[in-house]
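Each chain is listed here by its residues.
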Amino acid sequence: MALSIGIVGLPNVGKSTLFNALLGKAQAAASNFPFCTIEPNVGVVPVPDERLDVLTKMESSAKTVPTAIQFVDIAGLVKGANEGQGLGNKFLSHIREVDAIIEVVRLFPDPNVIHVSGTISPKDDVETINTELMLADLQTMEKHVPKMEKESKTNPKLKPVAAFCARVKQHLEQGVGARNIVTTDEEKIWLKELQLMSAKPILYVANVEATQLKDESALVPLRELANAEGANLVAIDAKIEAEVAELSPTEQAEYLTELGLDEPGLNKVIKAGYKLLDLITFLTTGPDETRAWTIKTGTKAPQAAGVIHTDSERGFIRAEIVGYHDLISAGSMKHASELGLVRQEGKEYVMQDGDVTYFKFNV
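Residues numbered from 1 in each chain as written. Predicted model: local features only at pLDDT ≥ 70, side-chain atom pairs only at ≥ 80, totals over all residues. Heavy atoms only, no water.

Asks: I'd love a proper account of the side chain of Thr290, names of residues and values included.
Replies: Tracing the backbone through its elements, the reader meets Thr290 in strand β9 (residues 289-296). Residue Thr290 is classed as buried on the basis of its relative accessible area of 0%. A distance of 2.7 Å separates polar atoms of two side chains, one belonging to Thr290 and the other to Thr285. Dropping the residues within four chain positions of it, Thr290 is found in contact with Leu52, Leu55, Thr56, Ser61, Lys63, Thr64, Val65, Thr284 and Thr285. (Helix = DSSP H or I, 4+ residues; strand = E, 2+ residues; numbered from the N terminus. Buried < 20%, exposed > 50% of the residue type's maximum accessible area, 1.4 Å probe, protein only. Polar contact = N/O pair within 3.5 Å; in protein donor to acceptor, adjacent residues only side chain to side chain. Contact = heavy atoms within 4.5 Å.)

Pasting the structure below:
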């Protein structure tokens, strides 16, 4: 699926370091000066899913294929970006093109790494970025609202849309991001069509040093801010994660044990990012391959079949489905079927995360 997450933040907070860690290689330049990144770096990252390894072993699959999401490393924003400061207009245009945002916030203390404002203040940094996004959105709405009001005079059906756009503009003027505006289901569609940056779902990633992973007191202000927005927060040491990502699987396991971590922090970022895009995974498994497939939450069975092949959607008959945990408890697909755990689902079935599926269709 062509869905992407933009990595944003102030300069020198560790965006490119995080991006390189996600890719497991130094694709993006990461240097100690502002605007090291100009053009966005793009990378596709597999989504960690422990279920794949279990199913692969159960079915003795010849290969395992995870699903993936796209990350975009976007240059640092500074105060005044909406007015073009620090090439802000160019960088903001890159944010408009992504589907969701990861905002990297610096908490690590390092006198050798420049902070653009001279001091580490997570709440101020978040306010700077979010304000710039809202101000840029306000510029958009100042042009859009008069246009909608004019069109609604000749087309009365557009009056509710025009009124909603005026309300969005008012909220932005009051410093309320578009994602925090209470909307009806219909208004959600109108909001999405506006493509406002402050309406995009957001995940905060606190870039900390190793000691701050064990003592989370430094995270409290940022966590409170994220909670107030209804956003998630993940804390990682991007520098260590970048080092770990370049190790072999065996060396990674040893290093993580030394650090007292059960999994790389990157896995938490990727999984949280996947959830941020409102995605779920269904699974197919057999001797040839075990594979994860990406769909939006709420997708029905025929459309899920179409993700595998368009013919599967056109000729959809039914889906044979067993929940992942039911399958593992049964020990095999054959035993799951004997226990009556494999369900026959039709065209109206809404797919669930972890559905192990076989589609029946006419060619």
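Once the structure has been displayed, the description carries forward.
Asks: Any details on the nonpolar core? Residues and values, ideally.
Replies: Residues Leu18, Leu22, Ile69, Phe71, Ile102 and Tyr204 are the most contacted members of the largest nonpolar core, which totals 55 residues. Looking at this core element by element, the count peaks at six residues for helix α11 (residues 265-276). Aside from chain neighbours lying at most four places away, what touches Leu18 is Ile7, Ile102, Val104, Val205, Ile236, Ala238 and Leu266. Counting residues in hydrophobic clusters, the runner-up holds 17 residues, among them Leu138, Ala178, Ile181 and Leu196. (Core = buried A, V, L, I, M, F, W, Y, C linked by side-chain atoms within 4.5 Å.)

Asks: Provide a residue-level description of the sheet that holds strand β5 (residues 100-106), including the pertinent values.
Replies: Hydrogen bonds between backbone groups are what pair the strands of a sheet, and the pairing can be parallel or antiparallel. Spatial ordering of the open sheet is given by β2-β4-β1-β5-β6-β7, a layout of six strands whose pairing is mixed. Edge positions in the sheet fall to β2 (41-46) and β7 (232-236), since each has one partner strand and no second. Neighbour-to-neighbour, the strand axes of the sheet open up by a mean angle of 25°, direction not taken into account. Relative to β7, strand β6 (residues 202-207) is paired through five bridges, and the arrangement is parallel. (Pairing = 2+ DSSP bridges. Axes fitted to C-alpha atoms, helices over the stretch in contact; angles between N-to-C directions.)

Asks: Provide a residue-level description of the packing of helix α4 (residues 122-154) against helix α5 (residues 159-173), including the pertinent values.
Replies: Relative to each other, α4 and α5 sit at 155°, their axes nearing to 9 Å. The orientation of α4 with respect to α5, classified from their angle, is roughly antiparallel. Seen from above, α4 lies across α5 with left-handed handedness. Contacts from Met134, Asp137, Leu138, Met141, Glu142, His144, Val145, Met148, Glu149 and Ser152 of α4 reach α5 at Lys159, Val161, Ala162, Cys165, Ala166, Val168, Lys169, Leu172 and Glu173. Looking at the contact of α4 with α5 residue by residue, the classes come out as 11 nonpolar, two polar and six charged. (Parallel < 35°, antiparallel > 145°, perpendicular 65-115°, else oblique. Left-handed = near helix turned anticlockwise from the far one by under 90°. Nonpolar A, V, L, I, M, F, W, Y, C, P; charged D, E, K, R; others polar.)

Asks: Requested: an account of helix α8 (residues 220-229), with residues and values cited.
Replies: Restricting attention to buried positions, one finds in α8 the residues Leu222, Leu225, Ala226 and Glu229. Along the long axis of α8, the arc covered by the buried residues comes to 95°, so they all point the same way. Residues of α8 that are exposed and point over 90 degrees away from its buried face: Asn227 and Ala228. Of the residues one or two after α8, Gly230 is the one with positive phi, at around 75°. (Arc of directions from axis to C-beta.)

Asks: Could you give an account of the packing of aromatic side chains, naming the residues involved and the relevant values?
Replies: Considering all chains together, one arrives at four aromatic pairs under this definition. For the ring pair Phe164 and Trp190, a centre distance of 5.9 Å and an interplane angle of 55° mean the geometry is tilted. Of the two residues, Phe164 is situated in helix α5 and Trp190 in helix α6 (residues 185-194); the sequence distance between them amounts to 26 residues. Pair check on accessibility: Phe164 and Trp190 agree, each one buried. Ring-pair connections join several aromatic residues into one group, and the members of that group are Phe282, Trp293, Phe316 and Phe359. (Phe/Tyr/Trp six-rings, centres within 6.5 Å; stacked < 30°, edge-to-face > 60°.)

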